[in-house]
Amino acid sequence: MTEKTISRAVITRLPRYYRYLGELLENDIERISSKELSERMNVTASQIRQDFNNFGGFGQQGYGYNVEYLYHEIGKILGLTKIHNAVIIGAGNVGRAIANYQDFEKRGFHFAAIFDNNPDMIGRRIAGCIVMSTDVMEEYFMNNDVEIVALTVPKSSAPAVAAKVVSWGVKAIWNFAPTDLSLPGDVLVENVHLAESLMRLSYKIKEKDM
């Protein structure tokens, strides 16, 4: 079965499996059953088996799952076996947080450059990168292989900046700006709208208190 036939819900759960399996490896746990994994993750054992069966199963009856093998296989499915070259546009609080988060590098996401249009930020060093002016972005993109752009600019400028990087060949945008981007269909966009996430939490609190 090809990955295109896998439901979005299953793909959405894979990074969580990957994270838990990584924690098991750090604790020197070599194998685990679907029941034990379900107790840790608060996902039913049946759901875990169904999810993994989409990719061939991975388990062995009476043995469970080899943690290291499963961790690496899910990493392959998620495309984590290669280095993804990325840049950050916007050196504000969110941009700096992304640059300083070391686990991204461990997962194969290499943030090679940071851009901003604020003169007070240009020239500063953040996580080993010197913040560059947005005036030199086009030259950088033309001379470097950039696969992913983390867009952490204000809502008002996000559409124009996104359109520019797409015109320079970028096909994947991690969008933190609180706006929906209208881009060509072959451009992948993963939206991280923090305020919407907080509002969903507020809804859950309200429902719990009713």
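Residues numbered from 1 in each chain as written. Predicted model: local features only at pLDDT ≥ 70, side-chain atom pairs only at ≥ 80, totals over all residues. Heavy atoms only, no water.

Student: Which parts of the structure should I look at to understand the nonpolar core?
Tutor: Judged by nonpolar contacts, the single largest core of 22 residues is most densely connected at Ile89, Phe141, Leu151 and Ile173. Broken down by secondary-structure element, the contributors of at least two residues to this core are strand 3 (84-89), strand 4 (109-116), helix 7 (137-143), strand 7 (148-151) and helix 8 (158-167). Here leucine 151 is in contact with Ile89, Ala158, Val161, Ala162, Ile173, Trp174, Asn175, Phe176, Ala177 and Leu181, once residues within four sequence places are set aside. Formed by 20 residues, the second largest nonpolar core is a distinct cluster that contains Tyr18, Phe52, Phe58 and Ile77. (Core = buried A, V, L, I, M, F, W, Y, C linked by side-chain atoms within 4.5 Å. Buried < 20%, exposed > 50% of the residue type's maximum accessible area, 1.4 Å probe, protein only. Helix = DSSP H or I, 4+ residues; strand = E, 2+ residues; numbered from the N terminus. Contact = heavy atoms within 4.5 Å.)

Student: Help me out: how do you make sense of a nonpolar patch on the surface in this one?
Tutor: Residues Leu198, Leu201 and Ile205 make up a contiguous nonpolar surface patch of about 290 Å² in total accessible area. For leucine 198, the position within the fold is in helix 9 (residues 194-209). (Patch = residues over 30% accessible without salt bridge, like charges linked within 9 Å, V, L, I, M, F, W, Y side chains within 5 Å. Areas by Shrake-Rupley, 256 points an atom, 1.4 Å probe, with all protein chains shown as cover. Salt bridge = Lys/Arg side-chain N within 4 Å of Asp/Glu carboxyl O.)

Student: So what exactly am I meant to see when it comes to the environment of leucine 21 here?
Tutor: Following the sequence through the fold, leucine 21 ends up in helix 1 (residues 8-26). Along the sequence, leucine 21 and histidine 72 sit 51 residues apart, while their C-alpha atoms lie 9.4 Å from each other.

Student: What is the right way to look at the packing of aromatic side chains in this model?
Tutor: How two aromatic rings sit relative to each other is given by the distance of their centres and the angle of their planes. Tallied over the full model, the rule gives eleven aromatic pairs. Aromatic ring contacts, followed pair by pair, group Tyr101, Phe104, Phe111, Trp174 and Phe176 into a single cluster. (Phe/Tyr/Trp six-rings, centres within 6.5 Å; stacked < 30°, edge-to-face > 60°.)

Student: Please explain the sheet that holds strand 8 (residues 172-175) as it appears in this structure.
Tutor: Each strand in a sheet pairs with another by means of backbone hydrogen bonds, the pair being arranged parallel or else antiparallel. Judged by pairing direction, the sheet is mixed, and its seven strands sit side by side in the order 5-6-4-3-7-8-9 without closing on themselves. In the strand order of this sheet, the two ends are held by strand 5 (125-126) and strand 9 (188-191), each with one partner. Taken together, the three bridges between strand 4 and strand 6 (residues 129-133) define a ladder with parallel strand orientation. Within strand 6, the position partnered with phenylalanine 115 by the bridge is methionine 132. (Pairing = 2+ DSSP bridges.)

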